[in-house]
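Architecture and fold: a report
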Amino acid sequence: MKMLDPKKLYVQYRPNANPADPKYPRRYTLTHSDTTAQLFLVAGPEFAYDTTNEMRDEVFAEWKTFNREKILYGYVLIADENTSKSQAKTRNEIFMSELPRVLEAFFYGDRFFFQAHPEYKDASVYIQFESVYPEYRQVKSYGPISKYQ
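A brief structural summary. (Residues numbered from 1 in each chain as written. Predicted model: local features only at pLDDT ≥ 70, side-chain atom pairs only at ≥ 80, totals over all residues. Heavy atoms only, no water.)

**Details of the overall build of the protein chain**
Note the threshold: The secondary structure listing takes helices from DSSP runs of H or I that are at least 4 residues long and strands from runs of E that are at least 2 residues long, numbered from the N terminus. Put simply, the radius of gyration uses C-alpha atoms, and a globule should come to 2.2 Å times the residue count raised to 0.38. When a residue's accessible area, from a 1.4 Å probe over protein chains only, is under 20% of the maximum for its type it is buried; when over 50% it is exposed; and in between it is partly exposed. Residue contacts are defined here by distance: any two heavy atoms, one from each residue, within 4.5 Å place the two residues in contact.
In terms of regular secondary structure, the protein chain is built from two helices and seven strands. Reading the helices (α) and strands (β) of the protein chain from amino to carboxyl end gives β-β-β-β-β-α-α-β-β. What you see for the protein chain is a C-alpha radius of gyration of 15 Å, in line with the 15 Å of a compact globule of 149 residues. Principal-axis analysis of the C-alpha atoms places the extent of the protein chain at approximately 45 × 40 × 30 Å. Counting over 149 residues, the protein chain shows a buried share of 43%. The contacts in the protein chain between residues at least 6 apart in sequence include a share of 61% that link residues at least 24 apart.

And the structure:
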């Protein structure tokens with residue numbers, strides 16, 4: 001897979017989160033720069049809404065427990081009431097093609113957490129695609145997070 005360029009990934013830990021501590025909640029916000037292709041990952045107890053922009057092309061994810069198993073559950077916005085159907089189609093295509101790189105960024109960016117807690121490497125990843133258009137509204141499984149190391 002290896003789509004990620006680690007030199008273009010910048011990671012920030014917010015207060016009450018550190019690289020190896022599994023404190024909950026543990027949430028991720030990934031944003032990027034269209035001009036530099038840099039990725040910015042923030043890990044902390046809250047989503048980093050202060051790092052998002054009007055394009056709404058960020059990816060949020062958080063650790064949850066489902067049937068007594070840890071999962072990484074993510075959210076992306078495909079279309080809201082201000083998005084045309086053609087824009088939604090384009091956004092959906094972009095998110096679908098870029099999500100493997102996003103998941104690599106989560107795994108690589110928080111690699112010290114996974115090294116300290118290898119039991120999380122087998123956690124399944126689910127991404128919820130939010131949209132006002134039903135054809136783009138779905139929850140998709142991406143397999144275990146270790147697939148993206």
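That covers the picture; the talk isn't over yet.
**Looking at the nonpolar core**
So the rule is basically this: For the purposes of this section, nonpolar cores are sets of buried Ala, Val, Leu, Ile, Met, Phe, Trp, Tyr and Cys residues that join through side-chain atoms within 4.5 Å.
In terms of nonpolar packing, the biggest core is built from 34 residues, with Tyr28 and Phe106 touching the most fellow members. When contributions to this core are tallied by element, the ones reaching two or more residues are β2 (27-32), β3 (39-44), β4 (59-66), β5 (69-79), α1 (85-109), α2 (111-116) and β6 (124-131). In terms of residue count, the dominant contributor to this core is α1 (eight residues). Among all residues touching Tyr28, those that are not within four sequence positions of it are Leu41, Val42, Ala43, Phe47, Val59, Phe60, Ala61, Trp63, Leu72, Phe106, Asp110 and Phe113. Listed in part, the five residues of the second largest apolar core include Phe47, Ile71, Tyr73 and Tyr75.

**Overview of the pairing of β3**
Our working definition: Paired strands are those between which DSSP finds at least two bridges.
With five of its six residues buried, β3 lies for the most part within the structure. In terms of strand pairing, strand β1 (residues 9-13) meets β3 through five bridges, oriented parallel. Along β3, the bridge assignment pairs Gln12 with Val42. Relative to β3, β2 is paired through six bridges, and the arrangement is antiparallel. Across the sheet, residue His32 finds its bridge partner in β3, namely Leu39.

**Thoughts on the layout of surface pockets**
Formally: Method remark: on a 1 Å grid restricted to protein atoms, a set of points is classed as a cavity if a 1.4 Å probe fits but cannot get out and as a pocket if it is open with protein on both sides within 12 Å along at least five of seven lines; lining residues have an atom within 4 Å of a point. Grid points are joined across faces, edges and corners, and a volume is the space filled by probe spheres set on the points.
Roughly 490 Å³ of volume is contained in the largest pocket. Residue lining of the largest pocket: 20 residues in total, with His32, Asp34, Leu39, Ile94 and Glu98 positioned closest to the centre. Mapped by element, the contributors of at least two residues to the lining of the largest pocket are β2 and α1. It is α1 that contributes the most residues to the lining of the largest pocket, seven residues altogether.

**Quick word on the environment of Thr83**
Filter applied, for reference: Nitrogen and oxygen atoms within 3.5 Å of one another constitute a polar contact, given that in protein one can donate a hydrogen and the other can accept it, and given that sequence-neighbouring residues count only through two side-chain atoms.
Position of Thr83 among the secondary structure elements: in the loop between β5 and α1. In this structure the C-alpha to C-alpha distance between Thr83 and Val132, which are 49 residues apart in sequence, comes to 8.6 Å. Polar side-chain contacts of Thr83 include one of 3.0 Å to the side chain of Asp80.

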